[in-house]
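Analysis of the macromolecular model
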Amino acid sequence: MRIVLALAIAAMPFSVIAAEPSTQEIAKMQQKLMAETKVNARMGISVPISKFKSDGDPNTLEIVFLEKSEPGANTVADDGEVIFLFEASDELQSKLIGKAFEIRAKRRLGAV
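Computed from a prediction, not measured in an experiment: that's the story for all the values here.

So, on to the sheet that holds strand S4 (residues 82-85). Pairing is mixed across the open sheet formed by 4 strands, whose spatial order is S1-S2-S4-S3. Every other strand in the sheet has two partners, leaving strand S1 (38-43) and strand S3 (75-76) as the edge strands with one partner each. Relative to strand S2 (residues 60-65), S1 is paired through 6 bridges, and the arrangement is parallel. Residue pairing for S2: Asn40 is matched across the bridge by Glu62.

Right, dumping it as structure tokens:
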């Protein structure tokens, strides 16, 4: 009984470490997802950003170009599936796309 408990305690730090993907693993998954993901662009939405529902397909990234500024503009959805843009610079768009793929990679690797 003591040996089993000691082994379980000794293995705990390794399981915690194994659960966190490395920077390299995240980068590799990002590249894989970028190659596989289809991007769908939409012009405007009829509901507030907070009520918008993505297409639910983990193999697509939706980019929604907003017609007016609203809370949540120029952000990435928490799950990395949608980017909401309003008059965003090319630099900001690139940053948000990178953030979306980082979130998606971490989710695929089980880190989120």
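What follows continues from the structure just given.
Moving on, we get to the side chain of Arg104. By the element assignment, Arg104 lies in helix H3 (residues 90-108). A polar side-chain atom of Arg104 sits 2.8 Å from the main-chain carbonyl oxygen of Pro58. Excluding anything up to four places from it in sequence, Arg104 contacts Leu33, Thr37, Pro58, Asn59, Thr60, Leu61, Asp79, Gly80 and Glu81.

Here the focus is the environment of Glu62. Among the secondary structure elements, Glu62 is positioned in strand S2. Taking the C-alpha atoms as reference points, Glu62 and Phe84, 22 residues apart in sequence, are found 8.5 Å from one another. Residues contacting Glu62, with those up to four places away along its chain left out, are Asn40, Arg42, Phe52, Ser54, Asp55, Glu81, Val82 and Ile83.

Attention now goes to the packing of helix H2 (residues 23-36) against H3. Orientation of H2 relative to H3, taken along the N-to-C sense of each, is 110 degrees, at an axis distance of 8 Å. Here H2 is positioned roughly perpendicular relative to H3, judged by the angle of their axes. As H2 packs across H3, the resulting crossing turns out to be right-handed. Packed against H2, whose contacting residues are Ile26, Met29, Gln30, Leu33, Met34 and Glu36, the element H3 presents Gly98, Phe101, Glu102, Arg104, Ala105, Lys106 and Arg108 at the interface.

Below, the discussion takes up the pattern of salt bridges. In total, this model carries 4 salt bridges according to the counting rule given. The salt bridge involving Glu81 is made with Arg104; its shortest N-O contact spans 3.0 Å. Remark: Arg104 occurs in helix H3 and Glu81 occurs in the loop between S3 and S4; sequence separation between them is 23 residues. We classify Glu81 as buried; its relative accessible area is 12%. As a salt-bridge pair, Glu102 and Lys106 come within 3.1 Å of each other at their nearest N and O atoms. Separated by 4 residues within a single helix, Glu102 and Lys106 lie in helix H3, roughly one turn from each other.

Conventions we followed
- Residues numbered from 1 in each chain as written.
- Predicted model: local features only at pLDDT ≥ 70, side-chain atom pairs only at ≥ 80, totals over all residues.
- Heavy atoms only, no water.
- Pairing = 2+ DSSP bridges.
- Helix = DSSP H or I, 4+ residues; strand = E, 2+ residues; numbered from the N terminus.
- Polar contact = N/O pair within 3.5 Å; in protein donor to acceptor, adjacent residues only side chain to side chain.
- Contact = heavy atoms within 4.5 Å.
- Axes fitted to C-alpha atoms, helices over the stretch in contact; angles between N-to-C directions.
- Parallel < 35°, antiparallel > 145°, perpendicular 65-115°, else oblique.
- Left-handed = near helix turned anticlockwise from the far one by under 90°.
- Salt bridge = Lys/Arg side-chain N within 4 Å of Asp/Glu carboxyl O.
- Buried < 20%, exposed > 50% of the residue type's maximum accessible area, 1.4 Å probe, protein only.

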